[in-house]
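Tertiary structure, described
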Amino acid sequence: MSRRVVVTGLGLISPLGVGTEPTWDGLVSGKSGAGPITCFDTEGFSVRIACEVKGFDVGPWLSPKEARKFDRFVHFALAASHMALEDSGLEITDENAERVGVVIGSGIGGLPLIERTHSTLVDRGPRRVTPFFIPGSIINMSSGLVSIQTGAKGPNSATCTACSTSAHAIGDAALYIKHGYADAIIAGGAEGVICPLTVAGFASMRAVSTRNDDPERASRPWDRDRDGFVIGEGAGVVILEEYESARRRGANILGEVLGFGMSSDAHHISAPAEDANGAIRVMRLALKDAGMNPEDIDYINAHGTSTPPGDRIETLAVKEVFGDHARSLMVSSTKSMTGHLLGAAGGLEFAISVLAMNHGVIPPTINLDNPDGENDLDYVAHEARDAKVKFALSNSFGFGGTNACLVIGRGD
């Protein structure tokens, strides 16, 4: 069995805004979501900047008492899922509940709650550890609580593949629908780990930017002066549905999942392979799954984290896969504005690609002032661009060498 899979709803929470509209408005205006870290004291840290979500309130979906049981990433997943359901108009009823699933992952999960609970254990003893600690911090609670709240009784799982997490979640969800396990799935990812352990860990790896005095210009994919990514937080959740089912209920079809690819570098715990083999293969696999040729793609929402090796190797991969057409492609990294949402990045960027197709606008890569010699594609530098996009591709690459790629169409 193979069925068409379409996108009917989007729910976004990002450092540019809470909701799809403010996030999109921030993107097309070239706004940076980066600033000084406010959620903990960064004295003594070499990295003091991040892309925090401002003004988020989980109150519409959880009471204060219930909210305290769950870590921030679960709050984000729950809120973004309800936003996506509202956007899609999909109602989960007794009749369809067993045909609606949830696949929402997180790259790191409840590290802030783990950090706080460990302090409680050390300072106050084991009897003061809350019984909600484990369920409140485990990664699959991002999908579990959404299922509980919405009543979705179909497939319920959570991916965890580092920075490829939510791209894999969307790809897995599409496969479940294609093969008949469900007719609709709430899919994506959430991350909320701007906390001392995370910042210290990434800083120790020298993976993140130390441009502390100029945070809005710190994330600068493909720029000669890039020095690492900026940690972000938020969620990107979409509603995927079987095409005929969506059409019958009169859903507004925003796009279609045409292809999904997965690969592994089998190379290093954090660095991409120098020959870009994993990235090359994953894009080719996604195109093959979609039954498309490289020259069919109009736009790539790149992984584009702003790390020196990562950006260079992704450009190399694009050139290898797309050949002469690489010069005609529009490629941008929205992480230049949102920062790197880690496990939520792929979900957010998949949704951004869908929005780009629907609005006929390509979000820019900001801060690209001095492209280095090997990074010489059309990165839509500085300003958004009006452009018709029929087919787009979204890349996500993660620690451990895990890669995911999604090909998206307009769903016409």
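Please refer to the structure placed before this passage.
Counting from 1, residues in each chain are numbered in the order their sequence is written. Given that the model is predicted, a residue must reach a pLDDT of at least 70 before its local features are reported, and side-chain atom pairs must reach 80 or more before they are shown or counted; all residues, however, enter totals for whole chains, interfaces and linings. Hydrogens and waters are ignored; side-chain quantities use all the structure's heavy atoms.

Bringing the overall build of the protein chain into the picture now. The secondary structure content of the protein chain amounts to 13 helices and 15 strands. Taken over C-alpha atoms, the radius of gyration is set against a globule rule of 2.2 Å times the number of residues to the power 0.38. For a compact globule of 412 residues, the expected C-alpha radius of gyration is about 22 Å, and the protein chain comes in at 20 Å, within 12% of that figure. The principal-axis extent of the C-alpha atoms belonging to the protein chain is close to 65 × 55 × 40 Å. Considering only residue pairs separated by 6 or more positions, the protein chain has 79% of its internal contacts joining residues 24 or more positions apart. For the protein chain, the distance from the average position of its 36 positive side-chain charges to the average position of its 50 negative side-chain charges is 3 Å. Helical segments are the DSSP runs of H or I of at least four residues, strand segments are the runs of E of at least two, and each set is numbered from the N terminus. Here, residues are in contact when the closest pair of their heavy atoms is within 4.5 Å. Positive charges come from Lys and Arg alone, negative charges from Asp and Glu alone, with His and the N- and C-terminal ends not counted. In plain terms, the charge of a residue is placed at NZ if it is Lys, CZ if Arg, CG if Asp and CD if Glu.

Relative to the helices and strands, Glu 349 is located in helix H13 (residues 345-359). Beyond its immediate stretch of four places on either side in the chain, Glu 349 contacts Asn 301, Ala 302, Thr 334, Lys 335, Ser 394 and Asn 395.

We call a residue buried when its accessible area falls under 20% of the maximum for its residue type, exposed when it is over 50%, and partly exposed in between, using a 1.4 Å probe and counting protein chains only. Most of strand E1 (residues 5-14) is tucked away: ten of the ten residues are buried. With eight bridges connecting them, E1 and strand E8 (residues 234-242) associate as antiparallel partners. Of the residues in E8, the one forming a bridge with Val 5 is Glu 242. Strands are labelled as partners when DSSP assigns at least two bridges between them. Direction of pairing for E1 relative to strand E2 (residues 17-18): antiparallel, over a ladder of two bridges. Residue pairing across strands places Ile 13 opposite Val 18, the latter belonging to E2.

Turning next to the pattern of salt bridges. A side-chain nitrogen of Lys or Arg and a carboxyl oxygen of Asp or Glu constitute a salt bridge if their distance falls within 4 Å. Per the stated rule, a full pass over the model turns up 21 salt bridges. Put simply, Asp 183 and Arg 3 hold a salt bridge, and the shortest N to O gap is 3.1 Å. Separated by 180 residues along the polypeptide, Asp 183 in the loop between helix H7 (165-178) and strand E7 (184-191) and Arg 3 in the segment before E1 bring together distant segments of the chain. A salt bridge links Glu 244 to Arg 247, with the nearest nitrogen and oxygen atoms 2.7 Å apart. One end of the pair, Glu 244, and the other, Arg 247, are both in helix H9 (residues 243-248), three residues apart, so they sit about a helical turn from each other. A network of salt bridges, in which partner residues are shared, links Asp 214, Arg 217, Arg 220, Asp 223 and Asp 369.

Attention now goes to the packing of H7 against H13. Between N-to-C directions, angles span 0 to 180 degrees; the directions come from axes that are lines fitted to C-alpha atoms, helices contributing only their stretch in contact. For the pair H7 and H13, the least separation of the axes is 5 Å and the interaxial angle reads 65°. Contact residues: H7 offers Ser 166, Ala 167 and Ile 170, while H13 offers Ala 345, Gly 346, Gly 347 and Phe 350. Asp, Glu, Lys and Arg are counted as charged, while Ala, Val, Leu, Ile, Met, Phe, Trp, Tyr, Cys and Pro are counted as nonpolar; the rest, among them Gly, fall into the polar class. Its residues assigned to classes, the contact of H7 with H13 shows four nonpolar, three polar and no charged.

Before going further, it helps to examine the packing of aromatic side chains. Pairing of aromatic rings covers Phe, Tyr and Trp, the last counted by its six-membered ring, and requires centre-to-centre distances within 6.5 Å; plane angles under 30 degrees mean stacked, over 60 mean edge-to-face, and any other angle means tilted. Inspection of the entire model under this criterion finds six aromatic pairs. Arranged with centres 4.1 Å apart and planes meeting at 15°, the rings of Trp 222 and Tyr 379 form a pair that is stacked. Within this pair, whereas Trp 222 is found in the loop between helix H8 (196-205) and E8, its partner Tyr 379 is found in the loop between strand E12 (361-362) and strand E13 (385-386), the two being separated by 157 residues in sequence. Tyr 379 shares its class with Trp 222; the two are buried. Every member of this aromatic cluster is reached through a ring pair, and the members are Phe 202, Phe 229 and Phe 399. Placement of a charge over a ring requires the Lys NZ or Arg CZ to be within 6 Å of the ring centre, with the centre-to-atom vector within 35 degrees of the ring normal. Geometry around Tyr 243 places Arg 4 over its ring, the cationic atom sitting 4.0 Å from the centre.

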